[in-house]
Amino acid sequence: MSKMLRLARQRIRTDWRIYLAALLLTSLTCSAYLIYQSYMGQVGLSFGRKTAELDLLADFQVELAASDLLPEAVQPTGAWKNRPIPELKATGRSLQLASPYGQLSVLALQPGTSYNGPLPLAGQVLVNEKLASGLGLPTSGNLTLANPETSAEITLQIAGSFSAGSTSGHVLLLYQDLEPLLTNSGYNVFLYDGADQLKPQSALDALNRFYPDSLILTSQQAQLVAQQAVRDTYQGFGNLVLLVFVFLTLGVLTALMLSFIDSKRELSVLKSIGLMPRELWCLFLFSGLATAVGGFLLGVGLTYGASRVMETRGVAISLLPHHILSLGWRVLLAYVLAIAAPAGLARRATVNQLLYDQPIPLFSNKVTILRRHRQLFEDELAQGWQVVQLPVIEGVLEGFVFKKEGDQVKVGEVLAFSPGWWGLSYTEYVATIDGEVAIWREESGILAIKPKADNEAAH
Amino acid sequence: MSQVIMETINLNKAFSLGETIYAVNNVNIQIMAGSMNVIVGPSGSGKSTLLSLLGGLDRPMSGDILLQGQSYRELNEDQLALLRRHKLGYVFQFFNLIPHLTALENVMLPMQFTNTPNKIAKQRGLELLERVGLEKRSHHLPLQLSGGEQQRVAIARALANRPAIILADEPTGNLDTKTRDGIVALFQELNQQEGQTFVMVTHDPSLSKFADQVITMRDGVVVYQ
Ligand SMILES: Nc1ncnc2c1ncn2[C@@H]1O[C@H](COP(=O)(O)OP(=O)(O)OP(=O)(O)O)[C@@H](O)[C@H]1O
Ligand SMILES: [Mg+2]
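What you see is a predicted model; the values in this text were computed from it and never measured.

Cut-offs applied
- Residues numbered from 1 in each chain as written.
- Chains lettered and ligands numbered in written order.
- Predicted model: local features only at pLDDT ≥ 70, side-chain atom pairs only at ≥ 80, totals over all residues.
- Heavy atoms only, no water.
- Contact = heavy atoms within 4.5 Å.
- Buried area = accessible area lost by both parts, 1.4 Å probe.
- Salt bridge = Lys/Arg side-chain N within 4 Å of Asp/Glu carboxyl O.
- Polar contact = N/O pair within 3.5 Å; in protein donor to acceptor, adjacent residues only side chain to side chain.
- Helix = DSSP H or I, 4+ residues; strand = E, 2+ residues; numbered from the N terminus.
- Phe/Tyr/Trp six-rings, centres within 6.5 Å; stacked < 30°, edge-to-face > 60°.
- Buried < 20%, exposed > 50% of the residue type's maximum accessible area, 1.4 Å probe, protein only.
- Patch = residues over 30% accessible without salt bridge, like charges linked within 9 Å, V, L, I, M, F, W, Y side chains within 5 Å.
- Areas by Shrake-Rupley, 256 points an atom, 1.4 Å probe, with all protein chains shown as cover.
- Axes fitted to C-alpha atoms, helices over the stretch in contact; angles between N-to-C directions.
- Parallel < 35°, antiparallel > 145°, perpendicular 65-115°, else oblique.
- Left-handed = near helix turned anticlockwise from the far one by under 90°.
- Lys, Arg positive; Asp, Glu negative; His and termini not counted.
- pLDDT = per-residue confidence, 0-100.
- Core = buried A, V, L, I, M, F, W, Y, C linked by side-chain atoms within 4.5 Å.

Draft legend 1. Expanded view of the interface of chain B and chain A. Taken residue by residue, the interface counts 32 residues in chain B and 32 residues in chain A. A buried area of about 3,000 Å², summed over both sides, lies between chain B and chain A, and 58% of it is on carbon and sulfur atoms. Together, Met-61, His-100 and Phe-113 of chain B form the three largest contributors to the area buried by chain B at its contact with chain A, with a combined 20%. At the boundary of chain B with chain A, the tally comes to two salt bridges. Where Arg-85 of chain B meets Glu-279 of chain A, a salt bridge forms, and the shortest distance between an N and an O atom there is 2.6 Å. Run the count over chain B and chain A and you get 15 residue pairs in polar contact (both at pLDDT 80 or more). Contributing elements (two or more residues each) for the side of chain B that touches chain A: strand S1 (4-17), strand S2 (19-27), helix H2 (77-87) and helix H3 (103-113) of chain B. No other element matches the six residues that H2 of chain B contributes to the side of chain B that touches chain A.

Draft legend 2. Quick look at the packing of aromatic side chains. The final tally for this structure, using the stated rule, is eight aromatic pairs over all chains. With centroids separated by 6.2 Å and ring planes inclined at 55°, the aromatic side chains of Phe-260 of chain A and Phe-284 of chain A adopt a geometry described as tilted. Residue Phe-260 of chain A is located in helix H7 (residues 243-262), and its partner Phe-284 of chain A is located in helix H9 (residues 277-312); the two are separated by 24 residues in the primary sequence. A ring pair is formed by Phe-402 of chain A and Tyr-22 of chain B, whose centres lie 6.2 Å apart and whose planes are at 90°; its orientation type is edge-to-face. With Phe-402 of chain A in the loop between strand S16 (400-401) and strand S17 (408-409) and Tyr-22 of chain B in strand S2, this pair bridges two chains.

Draft legend 3. Representation of the environment of Gln-112 of chain B in the model. Along the chain, Gln-112 of chain B turns up in helix H3. In this structure, the C-alpha to C-alpha distance between Gln-112 of chain B and Arg-162 of chain B, residues 50 residues apart in sequence, is 14 Å.

Draft legend 4. Summary view of helix H8 (residues 264-272) of chain A. A large share of H8 of chain A lies buried, amounting to eight of its nine residues. Of the residues making up H8 of chain A, those classed as buried are Lys-264, Glu-266, Leu-267, Ser-268, Val-269, Leu-270, Lys-271 and Ser-272 of chain A.

Draft legend 5. Broad picture of a nonpolar patch on the surface. Residue and element names in this part refer to chain A. Residues Trp-16, Leu-20, Leu-24, Leu-28, Leu-298 and Leu-302 make up a contiguous nonpolar surface patch of about 550 Å² in total accessible area. The set of elements that each furnish at least two residues to the nonpolar patch consists of helix H2 (16-42) and H9. It is H2 that contributes the most residues to the nonpolar patch, four residues altogether. By secondary structure assignment, the location of Trp-16 is in helix H2. In this structure Trp-16 comes out as partly exposed when scored by relative accessible area, which is 44%.

Draft legend 6. Structural detail: the packing of helix H4 (residues 118-131) of chain B against helix H5 (residues 147-159) of chain B. All names here are of chain B. At a minimum axis distance of 9 Å, the contact between H4 and H5 shows a crossing angle of 135°. Between H4 and H5, the angle falls in the class oblique. Considering only the axes of H4 and H5, their crossing is right-handed. On H5, the residues touching Arg-124, Leu-128 and Leu-129 of H4 are Val-153, Ala-156 and Leu-159.

Draft legend 7. View of the side chain of Lys-271 of chain A. Mapped onto the elements, Lys-271 of chain A comes out in helix H8. No salt bridge is formed by the buried Lys-271 of chain A; the nearest opposite charge belongs to Glu-77 of chain B, separated by 4.8 Å. A distance of 2.4 Å separates a polar side-chain atom of Lys-271 of chain A from the backbone oxygen of Ala-349 of chain A. What Lys-271 of chain A contacts, discounting residues up to four positions off in sequence, is Leu-280, Ala-346, Arg-347, Arg-348, Ala-349, Val-351 and Leu-354 of chain A together with Arg-84 of chain B.

Draft legend 8. Focus on the confidence of the model for chain A. All names here are of chain A. Put simply, chain A has an average pLDDT of 78, and 71% of its residues get 70 or more. Within chain A, the lowest mean pLDDT, 42, falls on strand S10 (residues 189-192), and the highest, 94, falls on strand S13 (residues 386-389). Low pLDDT, under 50, characterises residues 55-90; the predicted model gives this stretch 92 contacts beyond four residues in sequence or across chains. Across residues 185-198, where pLDDT falls below 50, the model places 59 contacts with residues more than four positions away in sequence or in other chains.

Draft legend 9. Up close: the side chain of Asn-96 of chain B. For Asn-96 of chain B, the position within the fold is in the loop between strand S7 (88-91) and H3. Engagement of the side chain of Asn-96 of chain B in a polar contact is seen with the side chain of Arg-265 of chain A, the distance being 2.6 Å.

Draft legend 10. Seen up close, the nonpolar core. Of all hydrophobic cores here, the largest spans 43 residues; its most connected members are Phe-260, Leu-267, Leu-270, Phe-284, Leu-327 and Val-331 of chain A together with Phe-113 of chain B. Among the elements of the structure, helix H1 (2-14), H2, H7, H8, H9 and helix H10 (321-348) of chain A together with H3 of chain B are those that each provide at least two residues to this core. Broken down by element, this core gets its largest block of residues, nine residues, from H10 of chain A. Those residues in contact with Phe-284 of chain A that lie beyond four places of it in its chain are Phe-260, Leu-267, Ile-339, Pro-342, Ala-343 and Ala-346 of chain A. Residues Phe-95, Leu-134, Val-153 and Ala-156 of chain B belong to the second largest nonpolar core, which totals 37 residues.

Pasting the structure below:
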């Protein structure tokens, strides 16, 4: 075992470029797979199959009536995620706007909606006390707000401050004042009074009252819709991703075949001094698996590194144990498939085939009976003769005959041999009776053996 | 009396290169234990083909070889490998050493295959290198050795597992006269002092001179034995 390990190491050292290429291919495949899996995992899918509930950021999703239709989708803000089940009190919109005091969270409410505090008037803005003291906002004068994307600006009068316990950190204004800054319109914020502890159904009823013409989905329904959409988009793609393992197999196969071709001479020498085919398998397996493990670890490492870097940019790549596991066995499968070809060839090859670059036959078969034109030899066959036919193509015999008419043959003796296409296969013609070669016709390839007469055999 | 150690029975091997060549054609030969056998014949007469069949480096198309009564045809690839490992030593014309192993490591390799303890393998490896006059070159790589020296290492390697028979295909064919004489003397010594059986393909009359049996081939057929 240890000598095979040593030989495998030697093999890798000699052909290190080839093995390095295979290792890099493996690590990139691993990395791509893990990142893809992480992404799909985030939308609750794995290769088009649903694996988890989506963690949507809104409790409800409102699809507005045609008259209120949005030109673009509105992003849920996430601000009210994980809240107790609400009673709907107001609708409005929250977004981030630029101000001379830095970026501000803005909450714009519909007039007439209720809010547990004073509502601003048109053209006015109310400032959260904590925010005001934190940012050094004045509680009077004007405040200019700008949408950084469109550079549109509005200037509102600071009318005062309010104190809000839970929904701290924003400025409050009326929806209509915000409209000049918006590239689209719509509502994505539903404020509610947590104290009321109402059931989702009553919140839904409230929404329905507010938007009688709209389609309103609960977050569960919205999840289904969202997942269906992702699934429709990625299902085919998910299966396509499995193709990377086909490519990996082909890539590794190519690498290992190259290494095999490169090492034919050495393998032939090892075989000539008695390396067993079984050990040759080990040799290929070890050098292949070392590459697989190296590539796998490097790939996982690279992905981990990438996830740390991306984390600082707010992109989450999650490395989950079951993803790593499923990757592991896929890589293993790819390698075992890829190793099988060169190892199988090396195993089957004779020393001379390796040493002199001769074709290595993959298949062989034995022929003992006549398959066609049996009626021509009906009598002979009835008398227990053995008849075989070698291939004759365009008048040329495709094979070698080792007997001539009158030669004695014994059971099990190879009478003739015909190489197959490209040396990929060969056929042996084997005697099944003791007897004498009675017929050999080169033009038709017919070879017939007459059984030894019983009285003769008795001698 | 000495006995037959190896024999062939109706051995055949053919090639087709446009025309059919029966490179080894119904060959029946016998090799006596402890004898020096030389195969001679014109180029292309099938000497190398026959020798590689004897060495199990290639499979005959029909016929059989018996080594100490063991039929090659009955062996599967693993068993044939074991036979090469334990009973045969093969010396190639072009040495065929493993390039990244030192002379000593090359000689030790067959012993590692037989799971000889490393210490013993090393000791025997050094003895064999000394036997072929290369004790000072044991840590050199093949490329750092001359052709004659590489061939000596190859001979030492062939001897490693005390094979029943050593097969050599033109072992001196690639060497200058002086080096050749050294190798011939070594073979003679091994044969006469240690009773090592040899079957050797050669064009070299100095090797045929002390042969117990000269097998002459022509067109795949043994014409004189
Ligand atoms: N792999 C092969 N494919 C096709 N023909 C071959 C092959 N090996 C040998 N032959 C043919 O078989 C015949 C015998 O070849 P072989 O090498 O055994 O001759 P040889 O007696 O060793 O000759 P030399 O003295 O030149 O080494 C030759 O005609 C050769 O062309
Ligand atoms: Mg030759």
